[in-house]
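As a plain string of letters, each chain reads:
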Amino acid sequence: TDFDTILLGRKGRVGIITLNRPKALNALNSQLMREVVSAVEELENDSEIGAILVTGSDRAFAAGADIKEMQPKSYMDVYLDDFFSAWDRLAAARKPTIAAVAGYALGGGCELAMLCDILIAADTAKFGQPEIKLGVIPGIGGSQRLTRAVGKAKAMELCLTGRNMDAEEAERAGLVSRIVPAADLLDEALQTATTIAEMSLPVAMMAKEAVNRSFETTLTEGVRFERRVFHSTFATEDQKEGMAAFVEKRSPVFKHR
Ligand code: HXC
């Protein structure tokens, strides 16, 4: 498939979506949104792919939704379009997703990173929800996902003042899993994605589903859900293989990868 605003690549079992609107610091316009969603669908349907990596450039993961595209829109335009709702498709991906963030991840850029399961930051990363400075609020889940990730106090401060936080602060607050030197970002993120993509795909999908359930339900129901899914791993050939390999002191060769 040909894309204008992204690059779609593959390394082994990892699908790599690179946001590619360098002149606009990867601002997220409608075309880019459609192209990312279409790439995600392609990778989800590809049995050779076990994990999806989303990244940008050294300077910007994405500097937000495209302000120039949004500026002329009316309430009816955005309401009738359910503007931005297409991004839900990325959150709904069943395969594990990893955001590798260098430079600006602001507004919709921060929200896009938070739509992914794991967020790895370069030491140059800057996160923020500056929408309030434009007279709007986050619209791709930022007020919800940032709050779940870093807690109320910091989420409120970021959404109400529009200030950025650097990678150190983002890691301390629990938004990012790890900080790596900018020069190593892609290698490190690819290594993590490859590790995941070498696991049993259905079991990785179950692990993702179980973690995500914790954001949707009570502890009792979440633990019950986890236990049922855990039981169901015993119906997979990969559970047989994983445990046999341990007992036989060899590496597992998962069938469903
Ligand atoms: C459209 C953008 C853009 C954006 C940058 N550009 N961010 N275009 N939408 N979000 C464009 C600039 O207009 C400029 O184009 C080019 O990219 C380079 O940007 P500069 O501003 O010249 O770069 P720099 O001085 O280095 O500043 C970088 C920056 C700044 C601090 C990231 O660009 C910035 O503040 N951007 C906006 C950040 C923001 O407010 N994001 C939230 C968007 S709202 P030209 O053609 O002039 O060279 C959002 C809402 C989501 O995401 C949902 C709720 C509605």
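Procedures and definitions
Residues numbered from 1 in each chain as written. Predicted model: local features only at pLDDT ≥ 70, side-chain atom pairs only at ≥ 80, totals over all residues. Heavy atoms only, no water. UniProt positions renumbered as here; feature names shortened; annotations may be inferred. Core = buried A, V, L, I, M, F, W, Y, C linked by side-chain atoms within 4.5 Å. Buried < 20%, exposed > 50% of the residue type's maximum accessible area, 1.4 Å probe, protein only. Helix = DSSP H or I, 4+ residues; strand = E, 2+ residues; numbered from the N terminus. Contact = heavy atoms within 4.5 Å. Axes fitted to C-alpha atoms, helices over the stretch in contact; angles between N-to-C directions. Parallel < 35°, antiparallel > 145°, perpendicular 65-115°, else oblique. Nonpolar A, V, L, I, M, F, W, Y, C, P; charged D, E, K, R; others polar. Arc of directions from axis to C-beta.

- The protein chain is annotated in an unreviewed UniProt entry as Enoyl-CoA hydratase of Rhodococcus tibetensis.
- According to the UniProt record, the Sequence similarities (unreviewed entry) comment for the protein chain reads "Belongs to the enoyl-CoA hydratase/isomerase family."
- Looking at the Function (unreviewed entry) heading of the UniProt record, one finds this comment for the protein chain: "Could possibly oxidize fatty acids using specific components."

1. Considerations on the nonpolar core
Soluble globular proteins: nonpolar side chains tend toward being buried together.
Link 1 in the chain: Ranked by internal contacts, the top residues of the largest apolar core, which has 47 residues, are Phe61, Trp87, Val101, Leu119, Phe127, Leu146 and Leu175.
Link 2 in the chain: Broken down by element, this core gets its largest block of residues, six residues, from helix H1 (residues 30-44).
Link 3 in the chain: With residues up to four places along the chain from it excluded, the contact list for tryptophan 87 reads Leu28, Leu32, Met33, Val36, Leu112, Leu115 and Ile140.
Link 4 in the chain: Membership of the second largest hydrophobic core comes to 16 residues, among which are Ala100, Ala102, Ile120 and Leu185.

2. Digging into the packing of helix H10 (residues 201-213) against helix H11 (residues 219-233)
Two packed helices can be described by the angle between their axes and the distance between those axes.
Link 1 in the chain: Where H10 contacts H11, the axes come no closer than 10 Å and their chain directions differ by 175°. When the axes of H10 and H11 are compared, the pair comes out roughly antiparallel. For the pair H10 and H11, contact is made by Val203, Met206, Glu209, Ala210 and Arg213 and by Phe225, Val229, Ser232 and Thr233, respectively.
Link 2 in the chain: Split into classes, the residues belonging to the contact of H10 with H11 amount to five nonpolar, two polar and two charged.

3. Considerations on helix H12 (residues 237-247)
Link 1 in the chain: Among the residues making up H12, those that are buried are Asp238, Gln239, Glu241 and Ala245. Buried positions in H12, seen along its axis, are confined to an arc of 165° and lie on one side of it.
Link 2 in the chain: Its buried side turned inward, H12 meets H10 and H11.
Link 3 in the chain: Looking at the residues trailing H12, positive phi occurs at lysine 249, about 55°.

4. Re the environment of serine 30
Link 1 in the chain: As for its placement among the helices and strands, serine 30 is situated in helix H1.
Link 2 in the chain: Relative accessible area serves as the criterion here: at 16%, serine 30 is assigned to the buried category.
Link 3 in the chain: Between the alpha carbons of serine 30 and threonine 218 there is a distance of 36 Å; along the sequence they are 188 residues apart.
Link 4 in the chain: Once you skip the residues sitting within four places of it in the chain, serine 30 turns out to touch Glu69 and Phe83.

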